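A look at the structure
Listed here are the chains, written in short residue letters.
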Amino acid sequence: MHLFDLVIYGGTGDLSRKKLLPALYAGFVSGRVDPVSRIFLTTRSAPDEDVLPWLADVLAANGDDVSADDQKLQQFAAMVSIVPLSLTDKEDDGWKWLVETLQSCADRPIIHFLAIPPSVFTSVCAALSHHQLNTDRCRIVLEKPLGHDLASAREINADVACHFDESQTFRIDHYLGKEAVQNLLALRFSNILFERLWNNQTIDHVQISIAEDLGLAGRGGYYEGVGALRDMVQNHLLQLLCLVAMEPPARMDAESIREEKLKVLKSLSNITNETIKTDVVRGQYSAGTVAGQQVDGYCEDMNLDGNSNTETYVAIKTFVENWRWAGVPFYLRTGKRLPDRFAEIMIQFKDVPHSSSPDWQYHNRPNRFIIRLQPVDHLALRMMVKNSAEGQADLKEVELNLDVSDPNRLGPYLRLIFAVAEGDQSLFVHREEVEYAWRWVDGIISKWDYFNITPVEYPAGSWGPYEAHDLLRSDGRAWFHEK
Ligand code: BG6
């Protein structure tokens with residue numbers, strides 16, 4: 001059972017309502033969060049209603065079957081306080097109340113979770129340090145976006161470092177808290193079978209896809225001017241790439257894992273003036289149909305009269321330039337308003353070097369290892385076996401399923417909050433990783449700007465722009481996704 005005091009700055013905002021509070025409630029109901037833990041939600045002004053009905057609405061809106069009469073919810077609500085507080089004014093009375101209240105229980109870690117725009121990180125860190133809320137038992141959690149580019153990320157990291165040690169600083173990427181991602185590490189580094197095959201001798205290419213059927217989901221104000229490259233590639237997709245491509249760490253501790261991930265980021269091939277046109281696709285959805293529903297295009301969703309250069313889709317071909325991966329393309333793609341929601345890593349092995357029968361040659365498919373992160377956690381190995389139904393020499397593809405789903409599993413945010421409470425940094429992103437990821441992403445953005453490359457349209461409900469399919473087709477490959 002985990003005991004902590006958690007202060008969520010931006011406590012009544014989108015992230016808190018949609019992800020953090022539902023995760024904490026699930027943790028409480030399943031007996032993993034100690035009921036003497038306390039949760040403080042800071043907000044600019046005092047709410048109109050009591051915390052109990054407010055929480056009931058928040059959780060119900062997220063699909064929890066709760067009402068204000070619910071006993072469990074009442075117990076949970078007793079752990080939650082709403083704290084009116086000006087984040088930019090360290091003399092605000094709310095700080096004084098927070099300090100006294102937090103100091104009244106010295107037996108637990110204090111987690112400061114910054115679910116606020118990065119423009120306010122600096123003033124909150126300064127206020128925390130002014131009120132001595134940065135002592136050893138305090139940890140600070142930074143939610144993305146960590147800046148807009150390398151320069152702003154460096155500035156944020158430097159500002160935070162003035163008040164909190166790196167060991168107290170937890171940069172969250174919720175993809176690292178997903179069950180199948182955890183399993184990827186266990187599988188790679190605990191099975192000789194995989195590790196021996198995990199290189200350019202055997203692997204043909206890797207695909208990493210995060211597809212969403214949703215559009216902006218009420219987050220348009222944040223998204224415009226940010227776009228898919230900064231919102232998804234700089235963090236989630238590059239982190240997944242690192243976990244696939246990294247060398248076995250000497251130990252499964254934070255330092256060793258982060259060192260290996262950093263080496264991957266440093267080995268990524270830079271997008272050049274030539275490859276920006278051939279290996280990167282920038283798209284934006286136009287009106288279309290998703291799940292039978294007619295939906296607007298991006299500019300209408302955003303109420304923009306003119307055009308917008310914000311991309312809602314990106315596909316990229318890149319390489320990890322080291323001995324293990326030389327010549328193996330890594331294809332990344334992510335997009336909003338696609339037909340389906342899924343996140344998947346697909347590792348495609350090479351063809352067999354010789355086929356002993358012409359019939360086999362015709363039917364043979366390369367082996368594929370698929371790591372599904374959502375909607376379900378699932379690992380699958382695609383292999384060829386004899387198809388007895390159709391004659392002697394025929395082959396068929398079957399899937400060897402490794403079911404890693406666990407009904408009692410923790411959701412990503414709960415797992416990550418517990419890791420912060422334990423001071424375990426291994427599921428968090430080091431300052432240098434953030435900066436190297438930005439350096440690579442900045443290289444793409446500067447070329448988009450230089451060559452004036454604007455997003456190409458794809459209809460909502462399609463699998464992205466034609467150009468993204470051509471990217472693989474010209475290499476004799478195709479995007480993978482089968483339900
Ligand atoms: C967030 C992005 O980090 O991840 C969102 O800001 C995106 O735009 C979300 O929708 C996707 O997360 P998940 O876990 O639902 O795939």
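Scoring rules and cut-offs
- Residues numbered from 1 in each chain as written.
- Predicted model: local features only at pLDDT ≥ 70, side-chain atom pairs only at ≥ 80, totals over all residues.
- Heavy atoms only, no water.
- 1 Å grid on protein atoms, 1.4 Å probe; cavity = no way out; pocket = protein on both sides within 12 Å on 5 of 7 lines; lining within 4 Å.
- Points joined across faces, edges and corners; volume = space filled by probe spheres on them.
- Helix = DSSP H or I, 4+ residues; strand = E, 2+ residues; numbered from the N terminus.
- Near = heavy atom within 4 Å.
- Polar contact = N/O pair within 3.5 Å; in protein donor to acceptor, adjacent residues only side chain to side chain.
- Areas by Shrake-Rupley, 256 points an atom, 1.4 Å probe, with all protein chains shown as cover.
- Nonpolar A, V, L, I, M, F, W, Y, C, P; charged D, E, K, R; others polar.
- Pairing = 2+ DSSP bridges.
- Axes fitted to C-alpha atoms, helices over the stretch in contact; angles between N-to-C directions.
- Contact = heavy atoms within 4.5 Å.
- UniProt positions renumbered as here; feature names shortened; annotations may be inferred.

**Let's talk about empty space enclosed by the protein**
Per the stated rule, a full pass over the model turns up 2 cavities of 30 Å³ or more. Estimated volume of the largest cavity: approximately 140 Å³. Lining the largest cavity are 15 residues, and of these Asp173, Gln234, Asn235, Val429 and Val434 sit closest to its centre. Elements that contribute at least two residues to the lining of the largest cavity include exactly α10 (227–245) and α16 (431–450). Considering every element that reaches the lining of the largest cavity, the biggest residue donor is α10, with 4 residues. Roughly 60 Å³ of internal volume is contained in the second largest cavity. Considering the residues around the second largest cavity, the lining is formed by Leu176, Val181, Gln182, Leu185, Leu243, Ile257, Lys261, Ser426 and Leu427.

**As for the site of the ligand**
Neighbouring the ligand are Lys144, His174, Tyr175, Lys178, Glu212, Arg219, Asp231, Met232, His236, Lys336, Arg341 and Gln374. Within the side chain of Asp231, a nitrogen or oxygen atom sits 2.6 Å from an oxygen atom of the ligand. Contact distances for the ligand include 2.7 Å between an oxygen atom and a side-chain N or O atom of His236. If the ligand stood free it would expose 400 Å²; the protein chains cover 87% of that surface. No other element matches the 3 residues that α10 contributes to the shell around the ligand. Among the residues making up the shell around the ligand, the classes are represented as 2 nonpolar, 3 polar and 7 charged.

**Some points on the sheet that holds strand β13 (residues 342–349)**
As summarised here, the arrangement of the 9 strands in space is β16-β15-β14-β13-β7-β12-β11-β8-β17, forming an open sheet in which the pairing is mixed. Each edge of the sheet is formed by a strand with only one pairing partner; in this case those strands are β16 (395–402) and β17 (456–459). Averaged over all neighbouring strand pairs, the angle between strand axes comes to 20 degrees, with direction disregarded. The strands touched by helix α17 (residues 466–473) are β7 (203–211), β8 (280–286), β11 (313–319), β12 (329–335) and β17; relative to β11, the strand with the most contacts, the crossing angle is about 20 degrees.

**Section: the UniProt feature "active site" (unreviewed entry) in the chain**
Taken from the UniProt record, the annotation "active site" (unreviewed entry) applies to His236. Inspection of the secondary structure assignment puts His236 in helix α10. Residue contacts for His236: discarding those within four places in its chain leaves Lys144, Asp173, His174, Tyr175, Ile210 and Asp231.

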